[in-house]
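Secondary and tertiary structure notes
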Amino acid sequence: MRSLIPPNENLKVDHPARYSILKAETNEDRGTEGIFRIGIDGKILWVNLAMAGILGYSSPDDLIECYNNRKYLLFVDPTERSSLASAIIRRRRVSAFECRLYRGTGSVAWVRGTARPMLGAHRRSLFVEGVVSDITEQKQVEIALRESEERFRILASHAPVGIFQEDRNGIRTYVNERWCHITGSTLETAMGWGWLRL
């Protein structure tokens with residue numbers, strides 16, 4: 001695959017280490033991490049096959065064409081894009097950012113990654129490059145767990161019986177209002193080891 005920005009011809013980079021991802025292009029399609037380069041105008045300059053796959057495209061060219069022709073938006077929440085761009089400008093490198101991107105199918109992919117501007121002569125930004133991992137499954141599990149916990153809390157708070165929950169060390173981590181009423185305790189005294197003093 002040919003890069004839209006040749007690594008050694010048209011760009012003069014102020015420090016060779018800043019071009020590390022370009023040097024890794026020979027291995028770009030062997031991993032699961034998506035690598036991208038976005039111009040300062042917001043257009044995608046280059047992505048590896050893994051990045052295309054994360055976003056549901058069969059090839060990097062398909063992703064670049066669809067996004068750059070504005071057939072599809074990339075960021076689910078435009079404020080995430082603005083926040084990320086501002087952070088890159090302020091800090092020159094953003095690590096462990098998370099955002100939601102649209103796949104070609106319209107579904108949403110969660111990604112976590114690192115991005116930084118690549119600087120040329122006089123430290124002017126040429127483009128932004130980054131690496132992301134697909135964390136969609138992890139986020140779906142987290143969301144399902146939160147929803148399950150919320151359902152439990154709603155059911156337990158309306159139950160006509162006293163309900164408590166302990167960790168495996170016997171430390172009380174939850175009691176419902178009915179349990180407090182039955183035992184004559186307050187929420188504060190019922191939590192932790194406080195229930196032993198009842």
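That block above? That's the structure.
In this text the structure is predicted, and so the values were computed from the model without any measurement. (Residues numbered from 1 in each chain as written. Predicted model: local features only at pLDDT ≥ 70, side-chain atom pairs only at ≥ 80, totals over all residues. Heavy atoms only, no water.)

1. Points about the overall build of the protein chain
Looking only at helices and strands, one finds seven helices and seven strands in the protein chain. Within the protein chain, contacts between residues separated by at least 24 positions form 37% of all contacts whose residues are at least 6 apart in sequence. Split by element, the accessible area of the protein chain, about 12,400 Å² in all, is 54% carbon and sulfur. (Helix = DSSP H or I, 4+ residues; strand = E, 2+ residues; numbered from the N terminus. Contact = heavy atoms within 4.5 Å. Areas by Shrake-Rupley, 256 points an atom, 1.4 Å probe, with all protein chains shown as cover.)

2. With respect to the sheet that holds strand S1 (residues 34–39)
Here we have five strands laid out as an open sheet, ordered S2-S1-S5-S4-S3, and antiparallel in their pairing. Lying at the two open borders of the sheet, with one neighbouring strand each, are strand S2 (44–47) and strand S3 (94–102). Direction aside, neighbouring strands of the sheet carry axes that sit 30° apart on average. Here nine bridges tie strand S4 (residues 108–119) to strand S5 (residues 125–134), and the two strands are oriented antiparallel to one another. When the sheet's bridge partners are listed, Arg 116 is paired in S5 with Glu 129. Packing against the sheet, helix H4 (residues 78–91) makes contact with S3, S4 and S5, and its axis sits at approximately 155° to S3. (Pairing = 2+ DSSP bridges. Axes fitted to C-alpha atoms, helices over the stretch in contact; angles between N-to-C directions.)

3. Quick notes on the nonpolar core
Formed by 27 residues in total, the largest nonpolar core has its most connected members in Phe 36, Ile 44, Met 51, Leu 55 and Leu 101. For this core, the secondary structure elements donating two or more residues are S1, S2, helix H2 (49–54), helix H3 (60–68), H4, S3, S4 and S5. In contact with Leu 101, not counting residues within four places along its chain, are Met 51, Leu 55, Leu 74, Phe 75, Val 76, Ser 107, Val 108, Ala 109 and Val 111. (Core = buried A, V, L, I, M, F, W, Y, C linked by side-chain atoms within 4.5 Å. Buried < 20%, exposed > 50% of the residue type's maximum accessible area, 1.4 Å probe, protein only.)

4. Side note on the packing of aromatic side chains
If you walk through the whole model with that rule in mind, you get two aromatic pairs. One residue, Arg 37, lies across the ring of Trp 46, its end atom 4.2 Å from the ring centre. The lysine or arginine in question, Lys 139, covers the ring of Trp 110, its NZ or CZ lying 4.8 Å from the ring centre. (Phe/Tyr/Trp six-rings, centres within 6.5 Å; stacked < 30°, edge-to-face > 60°. Lys NZ or Arg CZ within 6 Å of the ring centre and 35° of its normal.)

5. Points about H4
The end-to-end C-alpha distance of H4 is 20 Å, a good match for the 20 Å that 14 residues give at a rise of 1.5 Å each. Within H4, burial applies to Glu 80, Leu 84, Ala 87 and Ile 88. Projection of H4 onto a plane perpendicular to its axis shows the buried side chains occupying an angular sector of 100°, all on one side. H4 presents Pro 78, Ile 89 and Arg 90 as exposed residues on the side facing more than 90 degrees away from its buried surface. (Expected span 1.5 Å × (residues − 1). Arc of directions from axis to C-beta.)

6. Digging into the side chain of Lys 139
Considering the arrangement of structural elements, one finds Lys 139 in helix H5 (residues 136–158). The residues contacting Lys 139, other than those within four sequence positions of it, are Glu 98 and Trp 110.

7. Examining the pairing of strand S7 (residues 172–175)
Two strands pair when backbone bridges link them, and strand S6 (residues 164–166) and S7 are joined in this way by three bridges, in the antiparallel orientation. Opposite Glu 166, over in S7, you have Arg 172 as the bridge partner. Adjacent in sequence and paired antiparallel, S6 and S7 are bridged by five residues, among which Gly 170 carries a positive phi angle near 85°.

8. Side note on the pattern of salt bridges
Tallying each qualifying case throughout the model produces nine salt bridges. In this structure, Lys 139 engages Glu 142 in a salt bridge whose closest nitrogen and oxygen atoms are separated by 3.5 Å. Of this pair, Lys 139 and Glu 142 are both found in helix H5, three residues apart, which corresponds to roughly one turn of the helix. Under the relative-accessibility criterion, Lys 139 is labelled buried at 13%. Each of Glu 98, Arg 112, Lys 139 and Glu 142 takes part in a single network of salt bridges with overlapping partners. (Salt bridge = Lys/Arg side-chain N within 4 Å of Asp/Glu carboxyl O.)

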